[in-house]
Amino acid sequence: MCRHLGYVGPTTSVGELLTRGTHSLRTQAWAPREMRGGGTINADGFGVAWWRADDAEAAAAQEVTAGRGDISGRGGVPDSAVGGGLVAGRYRNSDPIWTDPAVEEVLPQLRSVGVLASIRSATAGMPVERAACAPFVSGRWAFSHNGVVPEWRRALTAVSSNLDVAATQWGATRLFETARLLEAEAPTDSAALWVLLGELLDSAGPEGFVESPGAALALLATSVLTHAPDARLNLLLGDGEQLWATTVYHALSALVTDDVAILSSEPYDDDPRWQPIPDRCLVTARPGGLSVEPLADVRTAAR
Ligand code: GLN
């Protein structure tokens with residue numbers, strides 16, 4: 001199965017992070033150690049997201065100040081991006097990461113305070129194409145899924161309807177319309193999960209349908225498990241300042257210090273500070289802060 005890596009900390013080289021350590025993400029593509037039966041190598045492409053200041057937001061603010069635009073004139077930036085100040089950019093390729101010269105020749109020139117990267121081993125029956133490679137991005141969010149949802153079309157349609165009912169009871173309209181699943185960038189479980197998570201994130205906040213991005217991730221994982229109990233759901237979400245992740249079946253380790261927070265399917269070096277994360281947990285990580293709570297204990301219910 002795929003491997004993924006999230007970083008938040010001092011400005012770092014995006015490309016260097018992909019090749020950092022004796023067991024770098026690039027090495028994990030052809031010599032992973034902890035696949036847990038979910039494939040052999042990760043040769044079906046890769047992707048990496050990084051963050052930059054949100055120019056569209058700044059431009060929109062200027063327009064509003066100048067009285068020329070309305071408040072919604074945000075240059076196509078989704079609602080969830082506004083206010084964050086950062087927006088995710090991305091590079092993907094459906095070829096194996098070890099064959100792409102951009103990893104050494106282009107990506108090291110990009111620098112960012114956040115990185116979210118993924119290498120892919122396509123689930124049998126799912127297409128090998130760039131659009132199916134994580135990370136999936138929108139506004140300030142970047143997302144990756146390591147795992148599989150058996151019978152994903154049936155299961156995720158059912159999840160969508162359940163969320164729709166719950167959101168309607170809570171008082172939201174036009175959330176989780178099942179037809180939105182057609183907007184998935186690729187016909188894969190991961191791309192469809194991203195559609196559902198995007199809707200949850202749009203309604204996350206103190207007054208929202210879910211209270212936080214972490215609660216959104218946990219609600220998605222637990223809802224999928226209701227309809228697909230054998231689903232493998234290592235989800236990874238970042239906004240350039242924080243990382244959220246779930247562990248359902250696959251491996252994940254964390255290295256968090258006062259300066260940096262890194263979550264990785266497999267440690268990329270032998271630093272003794274890497275901590276393995278137990279199964280069925282929600283992880284929230286930022287520099288100086290790591291929280292690991294059992295998924296079952298996360299408050300996901302709408303208030
Ligand atoms: N099922 C997803 C895909 O095919 C993720 C695969 C994985 O984790 N190996 O893209």
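What counts and what doesn't
- Residues numbered from 1 in each chain as written.
- Predicted model: local features only at pLDDT ≥ 70, side-chain atom pairs only at ≥ 80, totals over all residues.
- Heavy atoms only, no water.
- Buried < 20%, exposed > 50% of the residue type's maximum accessible area, 1.4 Å probe, protein only.
- Helix = DSSP H or I, 4+ residues; strand = E, 2+ residues; numbered from the N terminus.
- Pairing = 2+ DSSP bridges.
- Axes fitted to C-alpha atoms, helices over the stretch in contact; angles between N-to-C directions.
- Contact = heavy atoms within 4.5 Å.
- 1 Å grid on protein atoms, 1.4 Å probe; cavity = no way out; pocket = protein on both sides within 12 Å on 5 of 7 lines; lining within 4 Å.
- Points joined across faces, edges and corners; volume = space filled by probe spheres on them.
- Nonpolar A, V, L, I, M, F, W, Y, C, P; charged D, E, K, R; others polar.
- Near = heavy atom within 4 Å.
- Polar contact = N/O pair within 3.5 Å; in protein donor to acceptor, adjacent residues only side chain to side chain.
- Areas by Shrake-Rupley, 256 points an atom, 1.4 Å probe, with all protein chains shown as cover.
- Sits in = over half its atoms within 2 Å of the grid points.
- Core = buried A, V, L, I, M, F, W, Y, C linked by side-chain atoms within 4.5 Å.

### A closer look at the pairing of strand β2 (residues 46–53)
- For β2, the buried fraction is high: six of the eight residues fall into the buried class.
- As paired strands, β2 and strand β3 (residues 86–93) are joined by eight bridges and run antiparallel to one another. Note that in β3 the partner of Ala 49 across the bridge is Arg 90.
- Taken together, the five bridges between β2 and strand β4 (residues 111–119) define a ladder with antiparallel strand orientation. Considered in β4, the bridge of Val 48 is made with Ala 117.

### Some thoughts on the sheet that holds strand β6 (residues 141–148)
- In spatial order, the strands read β5-β6-β7-β8-β12-β13; together these six strands make up an open sheet with antiparallel pairing. At either end of the open sheet lies a strand with only one pairing partner, and these are β5 (136–138) and β13 (289–294). Between one strand axis and the next, the sheet turns by 15° as a mean value, whatever way the strands run.
- Here five bridges tie strand β8 (residues 243–247) to strand β12 (residues 281–286), and the two strands are oriented antiparallel to one another. Counted as the bridge partner of Trp 244 is Thr 284 from β12.
- Relative to β6, helix α6 (residues 189–202) is tilted by about 135°, and along the sheet it contacts β5, β6 and β7 (232–238).

### Considerations on the layout of surface pockets
- Here the second largest pocket is characterised by a volume of approximately 160 Å³.
- In terms of lining residues, the second largest pocket is bounded by Trp 152, Arg 153, Leu 156, Thr 157, Thr 178, Leu 181, Leu 182, Ala 184, Ala 186, Pro 187 and Ala 192.
- Top element by residues in the lining of the second largest pocket is helix α5 (residues 152–170). It accounts for four residues.
- For the lining of the second largest pocket, the per-class residue count stands at eight nonpolar, two polar and one charged.

### Regarding the site of the ligand
- Taken together, twelve residues sit near the ligand, with Cys 2, Arg 120, Ser 121, Thr 123 and Gly 147 positioned nearest.
- One nitrogen or oxygen atom from the main chain of Ser 121 is found 2.7 Å from a nitrogen atom belonging to the ligand.
- Thr 123 is positioned with one of its side-chain polar atoms (N or O) 2.7 Å from a nitrogen atom of the ligand.
- If the ligand stood free it would expose 300 Å²; the protein chains cover 99% of that surface.
- Placement of the ligand is best described as lying within the largest cavity.
- Of all the secondary-structure elements, those providing two or more residues to the shell around the ligand are β6 and α6.
- For the shell around the ligand, the leading source of residues is β6, giving three residues.

### A short note on the nonpolar core
- In terms of nonpolar packing, the biggest core is built from 49 residues, with Val 224 and Leu 233 touching the most fellow members.
- Every element with two or more residues in this core is listed here: β6, α5, α6, α7 (213–227) and β7.
- If you look at the next biggest cluster of nonpolar residues, it comprises 21 residues, including Leu 17, Leu 18, Val 48 and Ile 97.

These figures come from the coordinates and say nothing about function on their own.
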